[in-house]
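# Structural features, examined
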Amino acid sequence: MKDLLWQVIVICFMTASLTVFLRFCMGSGNIFGWYGDWIDKQWDESPNMQPLLKVIGACNKCYGTWVFIVLFCCYWLFSNQKDGVTSMALCTILGCGVNYMFINLFEKITD
């Protein structure tokens, strides 16, 4: 279980880094700037869509949580983990919190 916790922390670090990088890429003038501009436009024009927009990139913490969950589940499925579903659920919950902390840290460093 100790090795699994370290794996979760490393995955959290990687997904938090990926999230901050993708949000950078969504800035105006960058490779996914068109997507970031679309999100910003929808944010202003459609207040009822704001919860969905947070999940698809408007909020690093919301977006990063889903990036972590998807990548962690893929890792779990393809790494032949011997631990049960309970361990997976606990690691996912723990990982969401650690991922959130890493994103906050990275945002403070990059600002």
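Quantities reported herein were computed from a predicted structural model and do not represent experimental measurements. Residue positions within a chain follow its written sequence, with the count starting from 1. Under the rules for a predicted model, residues below a pLDDT of 70 receive no local features and side-chain atom pairs below 80 are neither given nor counted, while totals for whole chains, interfaces and linings still include all residues. As a convention, hydrogens and water are excluded, and side-chain values are obtained from all of the structure's heavy atoms.

Here we take up the packing of helix α2 (residues 33-45) against helix α3 (residues 50-58). Packing of α2 against α3 brings their axes to within 10 Å, and their N-to-C directions diverge by 165°. Classified by the angle between their axes, α2 and α3 sit roughly antiparallel to one another. Pair α2 / α3 crosses with left-handed handedness. On the side of α2, the interface is formed by Y35, W38, I39, Q42 and W43, while α3 contributes Q50, L53, K54, I56, G57 and A58. Here the axes come from fitting lines to C-alpha atoms, over the contacting stretch only for helices, and the angles between their N-to-C directions go from 0 to 180 degrees. Strands here are runs of E lasting at least two residues and helices are runs of H or I lasting at least four, both read from the DSSP assignment and numbered beginning at the N terminus. For classification purposes, an angle smaller than 35 degrees is called roughly parallel, one larger than 145 roughly antiparallel, one from 65 to 115 roughly perpendicular, and anything else oblique. Crossing chirality is assigned from the near helix's rotation relative to the far helix, an anticlockwise turn below a right angle marking it left-handed and a clockwise turn marking it right-handed. Any two residues whose heavy atoms approach within 4.5 Å at even a single point are treated as in contact.

Given a helix with a known number of residues, its expected span is that number minus one, times 1.5 Å. Look at helix α5 (residues 85-110): 36 Å from first C-alpha to last across 26 residues, which is about the 38 Å you get at 1.5 Å a residue. To sort residues, take the accessible area from a 1.4 Å probe on protein chains only and compare it with the maximum for the residue type: under 20% means buried, over 50% means exposed, and anything in between is partly exposed. All of the buried residues in α5 are S87, M88, C91, T92, G95, V98, N99, F102, I103, F106 and E107. Here the buried face of α5 lies against α1 (2-25) and α4 (60-78).

Closest axis-to-axis distance for the α1/α5 pair is 8 Å, and the angle between their directions is 45°. Considered as vectors, α1 and α5 are oriented oblique to each other. For the element pair α1 and α5, the recorded crossing hand is right-handed. Contact residues: L4, L5, V8, I9, C12, F13, T15, A16, S17, T19 and V20 in α1; S87, C91, L94, G95, V98, N99, F102, I103 and F106 in α5. Residue classes in the contact of α1 with α5 are distributed as 14 nonpolar, 6 polar and no charged. Nonpolar residues are Ala, Val, Leu, Ile, Met, Phe, Trp, Tyr, Cys and Pro. Charged residues are Asp, Glu, Lys and Arg, and all others, Gly as well, are polar.

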